[in-house]
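# Breakdown of the fold
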Amino acid sequence: MPLRLYNTLTRQKEEFQPLDKERVRMYVCGPTVYDFAHIGNARPVIVFDVLFRLLRHLYGESHVTYVRNITDVDDKINARALRDFPDLPLNDAIRNVTEKTASQFFADVKALGCLDPTVQPRATDNIPGMIEMIRALIARGHAYQAGSEVLFSVPSMPDYGALSQRRLEDQQAGARVAVDAHKRDAADFVLWKLSSPEEPGWDSPWGRGRPGWHIECSAMSSRYLGEVFDIHGGGLDLIFPHHENEIAQSRCAFGTSVMARTWMHNGFLQVEGQKMSKSLGNFVTINDVLQEWPGEFARYSMLLTHYRQPIDWTRSKLIEARSSLQKFQKWYVPLEIGFSADYDQSAVDVEVLESLQDDLSTPEAFSALHRLATDLANPALQSRPDHNKRLSEFSRSLDLLGLAPRKQLVDIDATRVDAFISARLEARKAKNWAESDRIRDELAAMGIAIKDNKDGTTSWEVKR
Ligand code: AMP
Ligand code: ZN
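Residues numbered from 1 in each chain as written. Chains lettered and ligands numbered in written order. Predicted model: local features only at pLDDT ≥ 70, side-chain atom pairs only at ≥ 80, totals over all residues. Heavy atoms only, no water.

## Here's the deal with the nonpolar core
Looking at soluble globular proteins, one finds that nonpolar side chains tend to be buried together. Met26, Ile39, Leu51, Leu55, Trp313, Phe394 and Leu401 are the most contacted members of the largest nonpolar core, which has 70 residues in total. Here this core takes 12 residues from helix H1 (residues 39-59), the largest share from any one element. Aside from chain neighbours lying at most four places away, what touches Phe394 is Phe328, Trp331, Leu369, Leu372, Ala373 and Leu376. (Core = buried A, V, L, I, M, F, W, Y, C linked by side-chain atoms within 4.5 Å. Buried < 20%, exposed > 50% of the residue type's maximum accessible area, 1.4 Å probe, protein only. Helix = DSSP H or I, 4+ residues; strand = E, 2+ residues; numbered from the N terminus. Contact = heavy atoms within 4.5 Å.)

Set out below in structure tokens:
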């Protein structure tokens, strides 16, 4: 069965065919780092993590490149830096805000069982690429400098609006805001704006300034994935204007007919039936949830709803997640334990796989897991010759969904842990920090926490 994904560009489910099977490429818009991420922000992170895992399963781990950016230049960040660190020079204050928030985000999404994307570029490390793109847009007649800004000229692109299915004339007629005097057209949007001496800025051909938000993603996606790539994702709210503008910039700068071939958008999340907002007092951060619930429960409850549907985030869903995961985890066998080699150790259950291949239908995948777990628990079926194979497929299916239990339910093999620790000490002696980190992460995945002692030894304990 082929992988089929709903493409916002064509408004239909399509068979997914990567441009290059050896290098499947996906970009997802990441967070603007000025505050704790909320539980709605967790949704695209979890949904596209499931897709990343599925693509790795289908095409091979080393054949998938997933890029998710960090927006660390934004006026909201500047305002937060001034508020929280009024005594520091602005650049230092900004770095404090962005580093602290980005680290928190990484920790939060790790706890939700998400793999690290292949690359997590920061906007501030990519300013030269943005300047280059803006220069190309001006040279091709798609952008102009006016007042203290460089703007993209929307009427210069005849098919602008294809993703959001908005016609330019409708937008112009419906424009409620008066056209700023310097804009040639109400729909034109900012690529670069000049900074005052107090604001953060970078030198550019148009003067010291900073980029608009949309150009960041065009520059970072093309740097890491090329001018045309396979999948671009984010929440529904990003279709217009953010993704529409990304498409306009990339296509016009590179002269291509598409930017990404498949555009995917997750639905919105509400909390207990209401739009989440600080003023309603129902604003829930990922961190709040993790204080009370293991990350897998939050992940499972998020995936109980198909990614394109709206979610109502309720406590009762977390409770449902707990009971399902407790049922599942009894039958989980880690890959490193395995059984016999007479079947494919990496195979997942066919119904789970087919559900995910049908536009990531996680609710159907969960139904299949429930049926399997019920069978595995049935004494009459446990003597069947394929029992171990089914246990293995069930476990690999949980891995594929990122729902493997973090707590070890099986006994830890101490000799094996000691062998890992010796290998790590060797790697550290050889200053091979990447290998040493890899081993530490592998131990962590087995539920083992390690501590390097002052006397050069390393001790370990099982995390409960
Ligand atoms: P933002 O930081 O607002 O740019 O959002 C980061 C990501 O989270 C984007 O992909 C948004 O579409 C997504 N997002 C924000 N709020 C929600 C929500 N309530 N439900 C689902 N996705 C959301
Ligand atoms: Zn973006």
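## Points about the sheet that holds strand E6 (residues 149-152)
Reading across from one edge, E5-E6-E7-E8 is the order of the 4 strands in this open sheet, with antiparallel pairing throughout. Lying at the two open borders of the sheet, with one neighbouring strand each, are strand E5 (143-146) and strand E8 (209-211). Ignoring which end each strand starts from, the neighbouring axes of this sheet average 25° apart. By the bridge criterion, 4 bridges tie E6 to strand E7 (residues 189-194) in an arrangement that is antiparallel. For Glu149, the partnering residue across the bridge sits in E7 and is Lys193. (Pairing = 2+ DSSP bridges. Axes fitted to C-alpha atoms, helices over the stretch in contact; angles between N-to-C directions.)

## Some points on the sheet that holds strand E9 (residues 229-235)
Strands pair in a sheet through their backbones, by hydrogen bonds, and they do so in one of two ways: parallel or antiparallel. Read across the sheet, 4 strands follow the order E4-E3-E9-E10 without closing on themselves; strand pairing throughout is parallel. One side of each edge strand has no neighbouring strand; the edge strands of this open sheet are strand E4 (64-68) and strand E10 (260-266). Neighbour to neighbour, the strand axes of the sheet diverge by 20° on average, direction disregarded. Note: strand E3 (residues 24-28) against E9, 3 bridges, orientation parallel. The residue bridging Met26 from the neighbouring strand is Ile231, located in E9.

## Describing the coordination of the zinc ion (ligand 2)
Taken together, the protein donors to the zinc ion (ligand 2) comprise Cys29 (SG), Cys217 (SG), His242 (NE2) and Glu246 (OE), at separations of 2.1 to 2.3 Å. Here the zinc ion (ligand 2) binds 4 donor atoms, and the angle range of 78 to 130° at the metal identifies the geometry as irregular. Counting gaps between the donor residues of the zinc ion (ligand 2) yields the pattern C-x187-C-x24-H-x3-E. Taken together, the positions of Cys29 in the loop between E3 and H1 and His242 in helix H7 (residues 239-254) put the pair 213 residues apart, joining distant regions of the chain. For the residue pair Cys29 and His242, the accessibility class agrees, reading buried in each case. (Donors = N, O, S within 2.8 Å, 3.2 Å for Na, K, Ca; no water. Tetrahedral: all angles 85-135°; square planar, octahedral: opposite > 155°, others 65-115°.)

## Examining the domain arrangement of the chain
Along its sequence, the chain is organised into domain 1 (4-266), domain 2 (270-400) and domain 3 (414-462). One C-alpha centre belongs to domain 1, the other to domain 3; they are set 38 Å apart. (Domains from an automatic or database assignment.)

## As for the side chain of Arg424
Along the chain, Arg424 turns up in helix H15 (residues 414-429). For Arg424, a relative accessible area of 5% puts it in the buried group.

## Quick notes on the site of ligand 1
Taken together, His38, Gly40, Asn41, Pro44, Gly234, Gly235, Asp237, Leu238, Asn266, Gly267, Phe268 and Leu269 make up the full set of residues near ligand 1. Residue Asn41 places a side-chain N or O atom 3.2 Å away from an oxygen atom belonging to ligand 1. Coverage of ligand 1 by the protein amounts to 83% of the 490 Å² it exposes when considered alone. The leading source of residues in the shell around ligand 1 is H1, at 3 residues. Each residue belonging to the shell around ligand 1 can be placed in one class, and the counts come to 4 nonpolar, 7 polar and 1 charged. (Near = heavy atom within 4 Å. Polar contact = N/O pair within 3.5 Å; in protein donor to acceptor, adjacent residues only side chain to side chain. Areas by Shrake-Rupley, 256 points an atom, 1.4 Å probe, with all protein chains shown as cover. Nonpolar A, V, L, I, M, F, W, Y, C, P; charged D, E, K, R; others polar.)

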